[in-house]
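# What the coordinates show
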Amino acid sequence: VHNLEYTATFAPLADMGLELRSNNEWASVVQGPESVSRGSVVVAVNGKSVLLQTYTEAIQAMIDAKSSGEAFNITFRRAPWKTGTLWKAARQKSNKQKVSGLGWKKRYFGTCNS
């Protein structure tokens, strides 16, 4: 089981390598360095929460931290993920299958943020 939140440290004035997009006003990771999971959202910059701020305000907090001249931390929350099985009804060829419950197939599924 993974922790939902994790922190990445970035060098001052360096390219962070993050590509973000606005997702319901959250800054969501589209692409980033190996230490940052795709689909994660930015929750804090240097320990200060940006979750309830607008996307623009969150981006500005990251720009300010980057230009401060000191290393800085960004805390991310992982995107939800789940794996498991489900039962799928096969296409019914006759009423007999419908009544007897035949034709159900077990299927594996997985959602991920990669």
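One structure accompanies this document, and this report is about it.

What counts, and where the lines are drawn
- Residue indices begin from 1 for each chain and proceed along its sequence in written order.
- Since the coordinates come from a predicted model, pLDDT governs what is reported: local features require at least 70, and pairs of side-chain atoms require 80 or more to be given and counted, while whole-chain, interface and lining totals use all residues.
- Excluding hydrogens and water, the side-chain values take into account all heavy atoms of the structure.
- Per the convention used, a helix needs a DSSP run of H or I reaching at least four residues, while a strand needs a run of E reaching at least two, with both numbered from the N terminus.
- Residue burial is assigned from relative accessible area. The probe radius is 1.4 Å, only protein chains are included, and a residue is buried under 20% of its type maximum, exposed over 50%, and partly exposed in between.
- The criterion used for residue contact is that any of the two residues' heavy atoms lie within 4.5 Å.
- By this rule the span expected of a helix is its residue count minus one, scaled by 1.5 Å.
- Comment: arc refers to directions from the helix axis out to C-beta atoms.
- One speaks of a salt bridge when a side-chain nitrogen belonging to Lys or Arg is within 4 Å of a carboxyl oxygen belonging to Asp or Glu.

### Brief notes about the side chain of Ser28
You can see Ser28 is positioned in strand S3 (residues 26-31). Overall, the relative accessible area of 3% leaves Ser28 in the buried class. When neighbours within four sequence positions are excluded, Ser28 is seen to be in contact with Glu19, Leu20, Arg21, Asn23, Gly39, Ser40 and Val41.

### Things to note about the environment of Gly17
By the element assignment, Gly17 lies in the loop between strand S1 (5-10) and strand S2 (19-23). Owing to a relative accessible area of 36%, Gly17 belongs among the partly exposed residues under this scheme. Residues Gly17 and Val36 lie 19 residues apart in sequence; the distance between their C-alpha atoms is 9.9 Å.

### Observations concerning helix H1 (residues 55-66)
Its 12 residues place the ends of H1 17 Å apart at the C-alpha level, agreeing with the 16 Å of an ideal helix rising 1.5 Å per residue. Three or more residues of H1 are buried, namely Tyr55, Ala58, Met62 and Ala65. Summarising the axial view, the buried residues of H1 lie within an arc of 95 degrees, below the 170-degree limit, and thus occupy one face. Structurally, H1 contributes buried residues whose contacts are with S2, S3, strand S4 (41-45) and strand S6 (72-77).

### As for unusual backbone geometry
Unlike most non-glycine residues, Asn24 shows phi in positive territory, near 55 degrees. One can find Asn24 in the loop between S2 and S3. Residue Asn24 is classed as exposed on the basis of its relative accessible area, which comes to 71%.

### Some details on the pattern of salt bridges
One side chain can pair with another of opposite charge once the charged atoms of both are near each other. All told, the structure shown has 1 salt bridge when counted by the stated rule. Salt-bridge contacts for Arg77 lead to Glu5; the nearest nitrogen and oxygen are separated by 2.2 Å. Here the residue Arg77 occupies a position in strand S6, and Glu5 occupies one in strand S1, the gap between them amounting to 72 residues. For Arg77, a relative accessible area of 33% corresponds to the partly exposed category.

As far as function goes, none of this settles anything; it's purely spatial.
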